[in-house]
Amino acid sequence: LLVIYFSQILREGPKMFAAAPNTLFTIAAGNDSSNNDLYPDYPANIVAENKIVVAATLGYRQLAEFSNYGATKVDVAAPGVAITSTVPTNTYIPLSGTSQATPYVTNVIATMKDLNPSLTTRDLKAIILGTVDVKDWLKGKVKTSGIVNRARALKAAEFAKTQTVDLAISKARAMIADVPVEKSLSLKPR
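Residues numbered from 1 in each chain as written. Predicted model: local features only at pLDDT ≥ 70, side-chain atom pairs only at ≥ 80, totals over all residues. Heavy atoms only, no water.

Considering the overall build of the chain
Line of reasoning, step 1. Each helix and strand counted, the chain has six helices and eight strands in total.
Line of reasoning, step 2. For the chain, the succession of helices and strands along the chain, N to C, is α-α-β-β-β-β-β-β-α-α-β-β-α-α.
Line of reasoning, step 3. Against the 2.2 N^0.38 benchmark of 16 Å for 190 residues, the chain shows a C-alpha radius of gyration of 17 Å, consistent with a compact globule.
Line of reasoning, step 4. Projected onto its principal axes, the C-alpha coordinates of the chain cover approximately 55 × 50 × 40 Å.
Line of reasoning, step 5. Relative to its full complement of 190 residues, the chain shows a buried share of 43%.
Line of reasoning, step 6. For the chain, the exposed surface amounts to about 10,400 Å²; the carbon and sulfur share of it is 59%.
Line of reasoning, step 7. Taking the average place of the 21 positive charges on the side chains of the chain and the average place of its 15 negative ones, the gap between the two points comes to 3 Å. (Helix = DSSP H or I, 4+ residues; strand = E, 2+ residues; numbered from the N terminus. Rg over C-alpha atoms; globule rule 2.2 N^0.38 Å. Buried < 20%, exposed > 50% of the residue type's maximum accessible area, 1.4 Å probe, protein only. Areas by Shrake-Rupley, 256 points an atom, 1.4 Å probe, with all protein chains shown as cover. Lys, Arg positive; Asp, Glu negative; His and termini not counted. Charge placed at Lys NZ, Arg CZ, Asp CG, Glu CD.)

Following this line, the structure appears as structure tokens:
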């Protein structure tokens, strides 16, 4: 019965995204340490052009141990471990999950749109995917093999005011370096 339910969701789900074609949805990949390519996750595995699926990382060093992944079903990664978050008691606590990584990407997209309101949903997605920091440890884990680079994405959004998105991405990649990886005092090899 559960298989029928999820098959129905994956079949009907594209209608949800199609109803808002000018919106770029950011979707959490899931927190089961699972491969979404093999074990579909809702709504991450719904096929739609106007969505980005986000895995979680521990800083810029490694995929979070709980994060779902998928070389074809998960697009990018973003920091998602011990992220300072608000809770209902009007306080802050560190939380972890792909639901912490996804708002990071949403914020980058919103800031890009503020910088350059003429960017379309397709442009925004192209910039996010095209400006990632490619990491060996994300190869085979996310489609882009990369983690979102905020500064590079914002620079590409600015450049796209006066040139094509492809050229803007290339210029931003040449100008903005990868995010430095913080040093750890741990003696364990990575």
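What to know about the packing of aromatic side chains
Line of reasoning, step 1. The tally for this structure, following the rule as stated, stands at one aromatic pair.
Line of reasoning, step 2. On the basis of an interplanar angle of 85° and a centroid distance of 4.9 Å, the ring pair of Phe17 and Phe25 is categorised as edge-to-face.
Line of reasoning, step 3. Taking NZ or CZ as reference, Lys171 lies 4.5 Å from the ring centre of Phe159, over its face. (Phe/Tyr/Trp six-rings, centres within 6.5 Å; stacked < 30°, edge-to-face > 60°. Lys NZ or Arg CZ within 6 Å of the ring centre and 35° of its normal.)

A look at helix 6 (residues 165-175)
Line of reasoning, step 1. Three or more residues of helix 6 are buried, namely Val165, Ala168, Ile169 and Ala172. Buried residues along helix 6 cover an arc of 100° about the axis, so they all sit on one side. Facing away from the buried surface of helix 6 by more than 90 degrees, the exposed residues are Asp166 and Ala174. (Arc of directions from axis to C-beta.)

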